[in-house]
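Fold and geometry: a report
Residues per chain are reported as follows:
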Amino acid sequence: MTPAIYGILFVLLAPVFGGLLVGFDRIVSARMQGRIGPPLLQPFYDFGKLLQKQARQVNPVVEPLLLGHVAFMAVTGFLLLSGTDLIFTAFVFALAALFLVLAAGSVNSPYSFAGAERELIVLLASEPFFILMMAGVCKVTGESSFAGVLASSKLVAVELPGVVLAFLMVATIKLRKSPFDISTSHHPHQELVSGLTTDMSGRLLAYVELAHWYESALLAAFVVLLFNWSIALGVVVFLVAYALEILVDNSTSRIKWQLVLRSTWVATLLFSGGNVLALFLLGR
Amino acid sequence: MSSLIAFLIAFPLVIGAVLLLVTRASVRNPIVLASSAVIIVASIAAVATFGNGDGVFFGLPNGITPGYAILASEIAITALIVVIGLMNRRFLAPAMALIQLGIAVFLEATGRMPEVDAQRLFWFDRLSMVMVLIIGIIGTLICVNALGYMRDYHRASPMIRGRRNVFFSLLFVFLAGMFGLVVSNYLPMMLVFWEITTLCSFLLIGYTRTTETIGYAFKALNMNLLGGLGFGAAIAILADQHMTLDLAKLTSGPASGVMLGAVALLCFAGITKSAQMPFSSWLIGAMYAPSPTSALLHSSTMVKAGVFLLLRLSPAITGSTVGYLVAFVGLGTFLFVSLVAVTEQNTKKVLAYSTIGSLGLIVGCAGIGTPELAWVGVMIIIFHALAKALLFLVVGTIENRLYTKDMENFDTLLSRLPRVSVLALVGMAGMFIAPFGIVVAKWAAIRAFLNVPGGQGAVMILIMAFGSSLTLFYWGKLLIKVLSMKNVSEYELSIQRRVSRYEWLTESALAVGVIGFTALIGPISDRVVGPYALAAFHAAPQTLLNIEPAMLVVMLAAVLFLPLLALWASRRPYDTSDFYTSGRNADSAHVMGAALGGSRTVTLRNYYLEGVINGALMFRVGTVTCAGVLIAMVVTGMVVR
């Protein structure tokens, strides 16, 4: 099979993976809160329902920007799996995330705008990590593509323990989980109402959800890069980490954006930066 | 071809002299338009006749030797600086200019200057070719744009005495100086052109002659004269040691001993001119000049002369401590100005910091000096010149229509100035979303830094990781403002119709250029930038030459997405529902019930990270840090070697 087929497979299957993950999330969260929770496939039902509902258009650019957000998320996955340079992929990933910020920011409403600005801070906080991680993976394996890293005899996580540690923190941010969910809020009556999705409804909200599924699948693919023994191991590690995220999500409260930015940068600098520095100094 | 190059230097000088005498716009406009067209054609012709060689050397037509012309030019420049300095009671600049002249006279009088090879005065290779096209096309487009801009500028500020004849004259002299600089091979001759650009930028920055701009103009003059002194000292050392003053010979391979010291001084000159820290403040001050001046200084002239010289010197410093220290000045500047930029609200200043940061990346590339990084450096020069010229001109247009440079006042721009917004989006997409402004260049730089041995490589990658994220943040903020929409009145819509056709013409041309060059990246890499890197470093750049089709498609899509979206959205009737305000809408959408009764208009303000990043402090820290590295660089070159 040519690498492009893996890319196409990602584009087709990632939403299934991401949707199931959200279903799993909702069940586990419900159990933690003493509820039974919805069926596993509930996110897909919700998705279908959102698509049928009427969308309130606040301005003509929101919908295309959200479509761009979904498309570039899918493209990031396609590029990653079809063998494009890992570091380049990290930049496209950031671009994809930016489209959501622009969609929310263009609404020009207080809640959406604040959510958009905070999402931008989330990007600022998390982006250095992804670049460092990809640089670290390339440095360790000497490879520059997904398939190359999987085929490498070097075990990435062993040489990048600091990066693995920082990943846990940054994943929390990317999955918009508490205490780092400053840009959204899944509960009513909070400071941001619903953050950057406040003025999105119907199919617009469905696009956001779909992009989030892609994003989750991408994070899983990143974990596979770190645990490159096999794809299965990587996915299992991701699921374990995700369960941990759910626990953290349900047991912490949201922190201020200043702390999000500072703590993430410090963690990235200390753990990932220190790790990469050590790699270079040891001449790997 | 040699006569074409001579023409490119002489013709703008003549036009500059003519324009000085023309005070009527009806006469000036056709002259500027026609001579710009001539310069564009001549620069394309010069490149077209270049052929496929790696570089050619030639002298003046008919074998004329420069003789005392170089010294005479230096005396003229110095005299001008001394007179203007004394008239304004500023003594540092005249003193430096006199020292500079003293060095030249001393070398000449004591017979230390080596014999000039009249057949190697000029050096035209692929790097000169790129520069000639940038100066010849982008530079002249800015001149044409200024025809419209300056008319509105003086209408809006009647207090400023119009001296547009001087302004346009200076623009053309500036172009002549730049043409001369990028084709010079004989260092003393290059220094003359170097000082011409210094002088022109000084006079352009101080154009309005207010106390404020005069201060900034002298700041720019002092810093660039200091760099010029470094250049002069390098020539003195080389002449005194009977070494070559031939740039091509000097940079044919790694320099050592005394030669490395001279090269370090030349690097110092390049760093001042490209406004790297600790010399960034002169370019920030230049922001107070009319926007075409900013566009010219930032895109096709002045700062590009600095990085041009550094790229020329790159093969001589590669692998040396001097080279690494030069790289750290550049990368340090990139990181610190990016930190400052996220806290800045003045759009022109944000653009300025972004320029300094991009130049920092080029300086970083030149300092390390691998074929791959030379490739990256030239690519950034090309795309930055296009996108930044466009952005400065667009911001100038917006400024003349909305009377603001504040990013916060740019909101709902897409509704108010739809066509201008589309152009702005092309510029921003070219700068940071897609190709070479930042993404591919950063990517390629990180790839190359992975191979830098030892801790330096890791620090460089760390700087890239954090610096890139910061650029994403400030461009993101600007994009949010431009992309937002609202209902506009008939009056607001009529504002856009007052943009002059000169501005539409030039800005549209630059926008087409940004998109066209993105699509043509493959051929440009294969035929121009790749062979340049091969010739300069005697090794072909690896990995980067094969840009995959998938990457190219993504880049093009990314560049086109936002402008096309804006174009489409601006043509649709704006008939949409109000946004959510917790049921506290009062009156219209932008008025909300206040917490303690009454109502307040909604204002939305970007985050400037107050309390987390202190911009002024970062600027100082960066200045001190980079000054330290810079001093270490010169000392290493001069003493330690």
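Residues numbered from 1 in each chain as written. Chains lettered and ligands numbered in written order. Predicted model: local features only at pLDDT ≥ 70, side-chain atom pairs only at ≥ 80, totals over all residues.

**Quick word on the overall build of chain A**
Across its full length, chain A holds 11 helices and zero strands. Start at the N end of chain A and walk to the C end: the helices and strands fall as α-α-α-α-α-α-α-α-α-α-α. Compactness check: chain A gives a C-alpha radius of gyration of 18 Å against a globular reference of 19 Å for 284 residues, within 12% of the reference. Taken over the C-alpha atoms alone, chain A extends approximately 55 × 45 × 40 Å along its principal axes. Per-residue burial over chain A gives 59% buried out of 284 residues. Residue pairs in contact within chain A that sit at least 24 positions apart in sequence constitute 75% of those at least 6 positions apart. (Helix = DSSP H or I, 4+ residues; strand = E, 2+ residues; numbered from the N terminus. Rg over C-alpha atoms; globule rule 2.2 N^0.38 Å. Buried ≥ 20, exposed ≤ 12 C-beta atoms within 10 Å, placed from the backbone. Contact = placed C-beta atoms within 7 Å.)

**Brief notes about the overall build of chain B**
Counting its regular elements, chain B contains 25 helices and five strands. Taking 26 Å as the expected radius of gyration for a compact globule of 641 residues, we find that chain B reaches 24 Å, a close match to that expectation. For the C-alpha atoms alone, the extent of chain B along its principal axes is close to 85 × 60 × 45 Å. Taking all 641 residues of chain B together, the buried fraction comes to 59%. When contacts within chain B are restricted to residue pairs at least 6 apart in sequence, those whose partners lie at least 24 apart make up 83%.

**Some remarks on the interface of chain B and chain A**
On the chain A side, the residues contacting the 52 residues of chain B number 55 residues. Those elements that provide at least two residues to the side of chain B that touches chain A are helix 19 (435–449), helix 20 (454–483) and helix 24 (549–570) of chain B. Per-element tally for the side of chain B that touches chain A: the top contributor is helix 20 of chain B, with 19 residues. Its residues assigned to classes, the side of chain B that touches chain A shows 31 nonpolar, 14 polar and seven charged. (Nonpolar A, V, L, I, M, F, W, Y, C, P; charged D, E, K, R; others polar.)

**With respect to unusual backbone geometry**
Most peptide bonds adopt trans geometry, and most residues besides glycine take a negative phi value. Residue and element names in this part refer to chain B. At the junction of Met277 and Pro278, the peptide bond is cis and its omega measures out at 5° in the coordinates. Within the secondary structure layout, Pro278 lies in the loop between helix 10 (257–273) and helix 11 (281–285). One non-glycine residue, Arg209, lies in the positive phi region at around 55°. By C-beta crowding, Arg209 is classed as partly exposed, having 13 other C-beta atoms within 10 Å.

**A look at the nonpolar core**
Among the nonpolar cores identified, the biggest contains 347 residues, and Cys267(B) and Leu390(B) are the most heavily contacted of them. Once residues within four sequence positions are removed from consideration, Leu390(B) is found in contact with Leu423(B), Val426(B), Gly427(B), Glu507(B), Leu510(B), Ala511(B) and Val514(B). (Core = buried A, V, L, I, M, F, W, Y, C linked by C-beta atoms within 7 Å.)

**Things to note about the confidence of the model for chain B**
Confidence in the prediction for chain B averages 88 pLDDT; 96% of positions are at 70 or higher. Confidence metrics for the complex model read pTM 0.94 and ipTM 0.93. (pLDDT = per-residue confidence, 0-100.)

**Overview of the environment of Ile255(A)**
Residues and elements named next belong to chain A. Note on placement: Ile255 falls in the loop between helix 10 (231–251) and helix 11 (257–281). Owing to 14 C-beta atoms within 10 Å, Ile255 belongs among the partly exposed residues under this scheme. Each C-alpha atom of the pair Ile255 and Ser178 lies 8.1 Å from the other, and the pair is 77 residues apart in sequence. What Ile255 contacts, discounting residues up to four positions off in sequence, is Pro179 and Val260.

**Let's talk about the pairing of strand 2 (residues 122–125) of chain B**
Residues and elements named next belong to chain B. Here strand 2 shows a buried face lined by Phe122 and Phe124 and a second buried face lined by Trp123 and Asp125. In the sheet, strand 1 (residues 55–58) pairs with strand 2 via four bridges, with the strands oriented antiparallel. Along strand 2, the bridge assignment pairs Phe58 with Phe122. (Pairing = 2+ DSSP bridges.)

**Considering helix 6 (residues 164–183) of chain B**
Between the first and last C-alpha of helix 6 of chain B there are 29 Å, a value that for 20 residues agrees with the 28 Å anticipated at 1.5 Å per step. The element helix 6 of chain B is largely enclosed, with a buried count of 18 among its 20 residues. (Expected span 1.5 Å × (residues − 1).)

**Some thoughts on helix 5 (residues 126–156) of chain B**
Residues and elements named next belong to chain B. A rise of 1.5 Å per residue sets the reference length of helix 5, with its 31 residues, at 45 Å; its end C-alpha atoms lie 43 Å apart and thus fit the reference within 8%. At Ala146, helix 5 shows its strongest bend, of approximately 35°. The buried fraction of helix 5 is high, at 26 of 31 residues. (Bend = angle between axes of the 7 residues up to and from the residue.)

**Structural notes on the packing of helix 4 (residues 86–106) of chain A against helix 5 (residues 110–141) of chain A**
Taken N-terminus to C-terminus, the directions of helix 4 of chain A and helix 5 of chain A make an angle of 175°; their axes are 9 Å apart at the nearest point. By the angle between their axes, helix 4 of chain A is roughly antiparallel relative to helix 5 of chain A. (Axes fitted to C-alpha atoms, helices over the stretch in contact; angles between N-to-C directions. Parallel < 35°, antiparallel > 145°, perpendicular 65-115°, else oblique.)

**Structural notes on the environment of Thr301(B)**
Residues and elements named next belong to chain B. In this structure, Thr301 sits in the loop between helix 12 (291–300) and helix 13 (303–317). Each C-alpha atom of the pair Thr301 and Thr636 lies 30 Å from the other, and the pair is 335 residues apart in sequence. With near-sequence residues (within four places) excluded, Thr301 lies in contact with Ile135, Gly139, Phe174, Met178, Thr197 and Leu296.

**Thoughts on the environment of Leu386(B)**
Relative to the assigned elements, Leu386(B) resides in helix 16 (residues 371–402). Those residues within four positions of Leu386(B) in sequence are excluded, and the remaining contacts are Ile138(B), Gly430(B), Leu510(B), Gly513(B), Val514(B) and Phe517(B).

**Examining the packing of helix 3 (residues 62–81) of chain A against helix 24 of chain B**
Closest axis-to-axis distance for the helix 3 of chain A/helix 24 of chain B pair is 12 Å, and the angle between their directions is 170°. Taken together, the axes of helix 3 of chain A and helix 24 of chain B are roughly antiparallel relative to one another. Note on element contacts: helix 24 of chain B touches helix 3 of chain A through Ala550(B), Val554(B), Phe561(B) and Leu565(B), opposite Pro64(A), Gly68(A), Val75(A) and Leu79(A). Its residues placed into classes, the contact of helix 3 of chain A with helix 24 of chain B shows seven nonpolar, one polar and no charged.

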